[in-house]
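# Examining the three-dimensional arrangement
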Amino acid sequence: MEFGVLGPVAAWRDGEPVSVGGPRQRCVLGALLADLGREVPFDRLVEFLWDDRPPRTAKSVIHVQISHLRRAFPELIRTTAGGYLAQTDPDRVDLHRFRALAGRARESGDAEEAVRLWEEALACWRGRPFSGTGSDRLWYAVGGPLLEERWAAVTAWAEAGFALGRYAELATRLAPLVREDLSRERLHYLLVASMHRSGERAGALAAYHELRGYLAEELGIDPGQEVRDLYQRIVTDTEERAPAPVEHAEAPPDPDPPDEEPPPFASRNDLPRDIPDFTGREHDLGRVLEAGGAGGAEACVITGPGGAGKTTLAIHAAHRLTERYPDGQFFIDLYGHTVDQEPVTADTALGSLLRAVGLEADAVPDSLEERAALWRSILVDRRVLVVLDNAVNYAQVGPLLPASAGSLTLITSRNDLAGLSGARYVSLGMLRTGEAEALLSAVLGPERTSAEPVPMRRVVKLCGGLPLALRIVAGRMATRPKWTFAHVEQRLSGQHRRFRELRTESHSVEAVFELSYQSLNDAQKDAFLRLGLMIGSSIDVHGAAELVGRELPDTDDLLQELVSVCLLEEQNVDLYRFHDLIGEYARHKAVTRLADGVVEESRLRLSDYYLRTADRAAGMLGPRGHDYELDVSDGSRYRTSWSGWAEAAQWFDWHRENLAAVVGYFAEHKRGTQAWQLANSLWRFYAGHGQTELWLTTHEQALEASRADSDDMGTAVTLVGLGIAHCLSGRFDLALSLLVEARDLFTRLGDRGGEARATANMAMVYERMGRYTESLDALREVLDHAVEAGDTEQEIRQRTNMAVIHQSLGEFDQAVEHCDRVLAAGSNGQPDDCRAAALRVLGEINIRLGRNELAHAQLQEALELFLALEDSAGEIYTRDYIGVVLRETGRLDEAVAAHLLALELGERSAQRSAEAEILNDLGTTYARGKRYEEARLAHERALRLAGERHELFAEARALHGLAGLPSDVIGADTAEAMLERAVEVFAGLGVPEAETARADLRDLRGVR
């Protein structure tokens, strides 16, 4: 087995290539081989793979890469205390073989042997070291310094060859080498001298001018004395009699050498027409234009999927930059992705470019190397702009790049062209909604687009922001003035019709995608098709492995390869999505190309992955309400892992809509058990993160599926989740009826735990409705069950809930006792949300007792816990009560801001159960600041909401607050009626506010 890092990281067995996997595996293998026999710490591998932003799964990802490499190379990698090391014969690794040969060459006293050894050493190099790893850190730490070793070896080889008089060979081989780095003056000296001594005087002079122009532009200096002396000897025809020079001290500069005839050159502008209605892409355009002002031999690569507008952007930028490049603007289509057209080879493209600058056809050299050298020499000291459109790979564009300082090359490609060092990369995504609308307006006119803003936005969405699709739509509408956006929307929405609509005689969105698809190999095609079957809009690497039916490392490679050809987007580390139209193309192609059995089998594996993984993640977010066995198949041996609660919540956040889609998939395919089990894993995340609509949707689908299966357990479990969702949404009557039905089902099933859970949530609804006695009775029943079952965690949770009710009833001693027991339980088995809730209750009590400083501290601590838990409901209540304590300490503006933020959070998360309570607190704060009209509006809104939701306590508070406003805001008769009703409700609830309302009523009647 042999290994290579001096070029793409590679391996060979008996001379045949062996796959080393994708970029990450190549990175890990390259790092280990570079430090052969020495430990590479785990942290260093993390740094090479992800720079300073490792994902939470970094450790497991590296383990996967090592595992894959060990399967491919069983004896190579050993685990050490702090990382890994690679062990093999150094002569089997090109880097270490190169260094050994270089050492022998330096020590050799025989010039012939030295040349042979240097050639063997340089033959170890295959390209840019460690290419294909995607790691900038690995390049800067290891690859960059290795290039200096290579240049030292090239120079030593050239010196030895020059001493032996091998001028013709050196002239041929050094020409392309020196243009890789024009600052290597000693190599330039040897090239110029060798060309002259082998009879190529004109070529020698052109090479000198190329060096001189580069140094002047880049560094503002002339070549060193040695090279200038050589030039002087050539132009005076005395060089042949001079011996090969050696290094010597600088001498005063010679007078300016005589002028030489420059190579033939004809300036021209080949740029295609710029579109007059270019719109959007301002940021991307700015980055391209910046490349035009850098001053060196610049290159800018514009990448993106087919139809993203790469060529349009390049041509528009080129026209903007014309004045900066007065010596010529050249455009050549390389046909990288073109129907019935093979990509143009580099030598063919160079032939076209050389003829374009004025060379006769018979003056164009035959070989690629000679053409490239001549092209670069002709452009010396010239400011030219070259557009290489539709490139397919680095090999195609590398020889075409000008080396002259002040030149700019714009390259467009669907591939990432990662081997192009020093280039600026501009990756095009889709147009944002505003940019897409501006494009349509520019083509069709503002009158037409402003007449139908809503249908126009829907058309933009159907086009996915793809510029080609938008251009086709705009073009068709421009030639059909009777068409409306509503009509176009209808045509684009038709089943299997969208791609037919996005097609003209000269352009087709589907054809653009098809060309990219046809460029894939068989494994990539299969992966692309199966990814088209994804459920939802994105997929992670583990889900993709299930969907495509491959091992995780192989899947990772395929995903990265599809990203590199712009058919897939990497949203985050190991999280991928299709552009909307590419995804639709992939789905359509998948269902027509793949057998029905393959389609369903792939989707079932993916859906089972989501069920298994969501079940494990839910266990990290909080206690399970029910115990049951998952009805799911075994999955891959690779599992998503998390270090704690926050990472599990992040996984849910990434997949929240995908998971909802999977519940729908289960329900649609008559897999009711899986539907309710997945929905039950989702509710806690949806509840804590304000995803109420997704919560309701998933549970309604799961409930329908469970009822269809006559599955009482599934029905009962789902009814509990649905009841909680409706309670938090403020629909208390509906919530209560659902929870009562769930409790009755659990009773019939003999499930005491399920019965207790339903009863506990009924208590929550009773509390929101102001039915405190019923709430306490229900909570005592659940607490007794928890104590009987020895469920300490459930006991703590119910004590927290009971503290809330006792506080509402003014029974502060009982509330404090429960809170103290919750806090005394410590972190051993105690959920943080219970501690946060207990602190919040204590804060509310201390406000009532006038201990505002202590209350504020407790509420702040509770808020920090709720924020850490990402518990939006807890945050809403706590921010409101912070507003109350700010009001009581006279900080009225801050108090108003706190109440309004609580309202905004509730609206944003669709958790409206506290809305009336917050509005009442806001109204009280406004009244304290004498902002009576605003206070009236807040209390009236609270009264309306409370009436709709049957929140008796909130209704009475609103009436009490309104009655307390000045008589010019609320008339005395109206205030008295309101107070009478408030007293009646408060008394019926048994809360201490009843006595305060009675006193206010007496005072009002006394005044009257």
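Residues numbered from 1 in each chain as written. Predicted model: local features only at pLDDT ≥ 70, side-chain atom pairs only at ≥ 80, totals over all residues. Heavy atoms only, no water.

## As for the sheet that holds strand E10 (residues 408-413)
Reading across the sheet, the five strands line up as E8-E9-E10-E7-E11 and stay open at both edges, with parallel pairing between neighbours. Bordering the open sheet on either side are strand E8 (329-333) and strand E11 (424-427), each of which pairs with just one other strand. For this sheet, the mean inter-axis angle between neighbouring strands, taken without regard to orientation, is 15 degrees. As paired strands, E8 and strand E9 (residues 385-391) are joined by five bridges and run parallel to one another. Among the inter-strand pairings, Phe331 is bridged to a residue of E9, identified as Val387. Relative to E11, helix H11 (residues 282-291) is tilted by about 165 degrees, and along the sheet it contacts strand E7 (298-303), E10 and E11. (Pairing = 2+ DSSP bridges. Helix = DSSP H or I, 4+ residues; strand = E, 2+ residues; numbered from the N terminus. Axes fitted to C-alpha atoms, helices over the stretch in contact; angles between N-to-C directions. Contact = heavy atoms within 4.5 Å.)

## Observations concerning the domain arrangement of the protein
With domains assigned, the protein is organised as domain 1 (1-162), domain 2 (165-235), domain 3 (268-427), domain 4 (433-512) and domain 5 (871-1005). Measuring from the centre of the C-alpha atoms in domain 3 to the corresponding centre in domain 5 gives 68 Å. (Domains from an automatic or database assignment.)

## Digging into the pattern of salt bridges
Tallying each qualifying case throughout the model produces 58 salt bridges. Two residues, Glu955 and Arg981, come together in a salt bridge whose shortest N-O distance is 3.6 Å. Within this pair, whereas Glu955 is found in helix H43 (residues 952-963), its partner Arg981 is found in helix H44 (residues 972-989), the two being separated by 26 residues in sequence. Residue Arg981 is classed as partly exposed on the basis of its relative accessible area of 31%. (Salt bridge = Lys/Arg side-chain N within 4 Å of Asp/Glu carboxyl O. Buried < 20%, exposed > 50% of the residue type's maximum accessible area, 1.4 Å probe, protein only.)

## Digging into the sheet that holds strand E12 (residues 539-540)
The antiparallel open sheet is built from three strands, whose spatial order is E12-E14-E13. Whereas interior strands pair on both sides, the edge strands pair on one side only; in this sheet they are E12 and strand E13 (569-572). Pairing of E12 with strand E14 (residues 575-577), which is carried by two bridges, proceeds in the antiparallel orientation. Each bridged residue has a counterpart across the sheet, and for Ile539 the counterpart in E14 is Tyr576.

## Here's the deal with the UniProt feature "repeat: TPR" (unreviewed entry) in the protein
Under the present numbering, the feature "repeat: TPR" (unreviewed entry) in UniProt falls on residues 916-949. The span residues 916-949 carries 91% helix and 0% strand; its end-to-end C-alpha distance comes to 10 Å. (UniProt positions renumbered as here; feature names shortened; annotations may be inferred.)

## Quick look at the packing of helix H16 (residues 433-444) against helix H18 (residues 453-462)
Following both chains from N to C, one finds H16 and H18 inclined at 110 degrees, their axes separated by 10 Å at the closest point. Classified by the angle their axes make, H16 and H18 are roughly perpendicular. With respect to the hand of their crossing, H16 and H18 are arranged in right-handed fashion. Contact residues: H16 offers Thr433, Ala436, Glu437 and Leu440, while H18 offers Met456, Arg457 and Val460. Residues of the contact of H16 with H18, tallied by class, amount to four nonpolar, one polar and two charged. (Parallel < 35°, antiparallel > 145°, perpendicular 65-115°, else oblique. Left-handed = near helix turned anticlockwise from the far one by under 90°. Nonpolar A, V, L, I, M, F, W, Y, C, P; charged D, E, K, R; others polar.)

## A word on the packing of helix H4 (residues 94-107) against helix H5 (residues 111-122)
Two measures define how a pair of helices packs: the angle their axes make with one another and the distance between the axes. Axis separation between H4 and H5 bottoms out at 8 Å; the angle between their running directions is 165 degrees. Comparing their axes, H5 and H4 come out roughly antiparallel. H5 is crossed by H4, and the crossing has left-handed handedness. On H5, the residues that touch Phe98, Leu101, Ala102, Arg104, Ala105 and Arg106 of H4 are Ala114, Leu117, Trp118, Glu120, Ala121 and Leu122.

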